[in-house]
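This is what each chain is made of:
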Amino acid sequence: MRGLLIVISGASGTGKGTVCKKLLDDLPQVAYSISATTRAPRPGEVDGKEYYFLSRDEFNAWIADEKFLEFAEVYGNFYGTPLNKIDERLNRGEDILLEIDVQGALNVKRKCPDGIYIFLLPPSLDELKRRIEGRGTESPESLQRRLSNAVAEIKVGLEYNYVVVNDSVDNAADQIKAILIAERCKVERNRDKFL
Ligand code: 5GP
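(A) Focus on the sheet that holds strand E8 (residues 116–121). Here 5 strands make up an open sheet; going across it, the order is E2-E7-E1-E8-E9 and the pairing parallel. Each of the sheet's edge strands pairs with one partner strand only, and the pair in question is strand E2 (30–32) and strand E9 (162–165). Each strand of the sheet is rotated relative to its neighbour by a mean of 25 degrees, with strand direction disregarded. Across 5 bridges, the pairing between strand E1 (residues 5–10) and E8 is parallel.

Here's what the structure looks like:
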């Protein structure tokens with residue numbers, strides 16, 4: 001069976017990273033798509049692990065070389081999903097997980113309508129603010145910007161196929177695993193079984 005293209009988005013501080021990490025730990029058949037970004041690495045982030053950290057010039061060269069499935073500007077930095085043979089890998093049966101922003105996800109949805117688009121919500125906006133502050137990585141301006149963007153981004157969640165509330169990492173990951181099981185049972189993914 002062709003692999004699943006799994007796209008997960010959610011406002012900054014929703015806990016996407018933690019939920020995605022749990023999924024990747026629990027589901028060895030799912031490969032993470034490492035994005036490229038022009039933002040500076042946060043402490044502990046490693047080039048080629050969390051992201052490919054590129055200069056603006058390098059990022060522009062990747063755009064010119066058509067190396068991206070999509071790219072978008074998020075909070076003043078550029079982020080892009082490398083094409084990286086995604087289609088071939090899906091055809092080989094590999095599942096691929098993209099953790100990208102709403103603009104990127106909607107662009108991918110237009111190109112790949114058979115993908116699974118999952119929107120992660122925080123339990124509440126207060127909880128979202130608490131989580132971003134608690135992370136301690138954002139300046140006050142960046143915190144404010146991320147919070148007001150979060151409200152706008154959440155509305156875009158209506159364009160996705162599934163919504164999962166991240167009240168706890170285990171619950172959210174379990175719900176996403178259930179979504180993936182149901183998706184694998186869809187008739188349109190199993191047409192060969194009817195011949
Ligand atoms: P952060 O700087 O906190 O790691 O990520 C900021 C935002 O950029 C998050 O919403 C994240 O999902 C998004 N992002 C990460 N990689 C990509 C990508 O390849 N493409 C797009 N469009 N957004 C991305």
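(B) Examining the sheet that holds strand E6 (residues 77–82) more closely. Within the open sheet, the 4 strands sit side by side as E4-E3-E6-E5. Their pairing is mixed. Lying at the two open borders of the sheet, with one neighbouring strand each, are strand E4 (51–53) and strand E5 (68–74). Neighbour-to-neighbour, the strand axes of the sheet open up by a mean angle of 25 degrees, direction not taken into account. Summarising the sheet, E5 and E6 pair through 6 bridges and their orientation is antiparallel. Bridged to Ala72 within E6 is Tyr79.

(C) Fine view of the pairing of strand E7 (residues 95–99). Of all 5 residues in E7, 5 are buried; the element is thus mostly enclosed. Residues Asp95, Leu97 and Glu99 point to one face of E7 and Ile96 and Leu98 to the other, with burial holding for every one of them. Pairing of E1 with E7, which is carried by 4 bridges, proceeds in the parallel orientation. The residue bridging Leu5 from the neighbouring strand is Ile96, located in E7.

(D) Geometry of the environment of Gly134. Structurally, the position occupied by Gly134 is in helix H5 (residues 125–135). Taking relative accessible area as the criterion, Gly134 reaches 66% and is therefore assigned exposed. Distance from Gly134 to Gly13, taken between C-alpha atoms, is 9.5 Å for residues 121 residues apart in sequence.

(E) Main features of the site of the ligand. Taken together, 16 residues sit near the ligand, with Ser35, Arg39, Tyr51, Tyr79 and Asp101 positioned nearest. Here Gly80 contributes a backbone N or O atom positioned 3.0 Å from an oxygen atom of the ligand. Here a nitrogen atom of the ligand sits 2.7 Å away from a polar atom, N or O, in the side chain of Asp101. A total of 510 Å² of accessible area belongs to the ligand in isolation, and the protein chains cover 94% of it. At a threshold of 2 Å from the grid points, most atoms of the ligand map onto the largest pocket. Where the shell around the ligand is concerned, the elements lending two or more residues are E5 and E6.

(F) Looking closely at helix H1 (residues 16–26). Where H1 is concerned, the buried positions are Lys16, Val19, Cys20 and Leu23. Considered in projection along H1, the buried side chains sweep an arc of 100 degrees and stay on one side of the axis. On its buried side, H1 packs onto E1, E7, E8 and helix H7 (169–184).

(G) Region of interest: the packing of aromatic side chains. For the structure shown, the criterion picks out 9 aromatic pairs. Of note, Lys67 hangs over the ring of Trp62, and the distance from its end group to the ring centre comes to 4.8 Å.

(H) Region of interest: the nonpolar core. If you look at the biggest cluster of nonpolar residues, it comprises 18 residues, and the most contacted ones within it are Ile6, Ile8, Leu23, Ile118, Val164, Ile176 and Leu180. The leading source of residues in this core is H7, at 5 residues. In this structure, Ile176 is in contact with Ile8, Val19, Leu23, Ile118, Leu120 and Val164, ignoring residues within four places of it in sequence. Counting 15 residues, the second-largest nonpolar core is a separate cluster that includes Leu5, Val7, Cys112 and Phe119.

Cut-offs and rules
- Residues numbered from 1 in each chain as written.
- Predicted model: local features only at pLDDT ≥ 70, side-chain atom pairs only at ≥ 80, totals over all residues.
- Heavy atoms only, no water.
- Pairing = 2+ DSSP bridges.
- Helix = DSSP H or I, 4+ residues; strand = E, 2+ residues; numbered from the N terminus.
- Axes fitted to C-alpha atoms, helices over the stretch in contact; angles between N-to-C directions.
- Buried < 20%, exposed > 50% of the residue type's maximum accessible area, 1.4 Å probe, protein only.
- Near = heavy atom within 4 Å.
- Polar contact = N/O pair within 3.5 Å; in protein donor to acceptor, adjacent residues only side chain to side chain.
- Areas by Shrake-Rupley, 256 points an atom, 1.4 Å probe, with all protein chains shown as cover.
- 1 Å grid on protein atoms, 1.4 Å probe; cavity = no way out; pocket = protein on both sides within 12 Å on 5 of 7 lines; lining within 4 Å.
- Sits in = over half its atoms within 2 Å of the grid points.
- Arc of directions from axis to C-beta.
- Contact = heavy atoms within 4.5 Å.
- Phe/Tyr/Trp six-rings, centres within 6.5 Å; stacked < 30°, edge-to-face > 60°.
- Lys NZ or Arg CZ within 6 Å of the ring centre and 35° of its normal.
- Core = buried A, V, L, I, M, F, W, Y, C linked by side-chain atoms within 4.5 Å.

These figures come from the coordinates and say nothing about function on their own.
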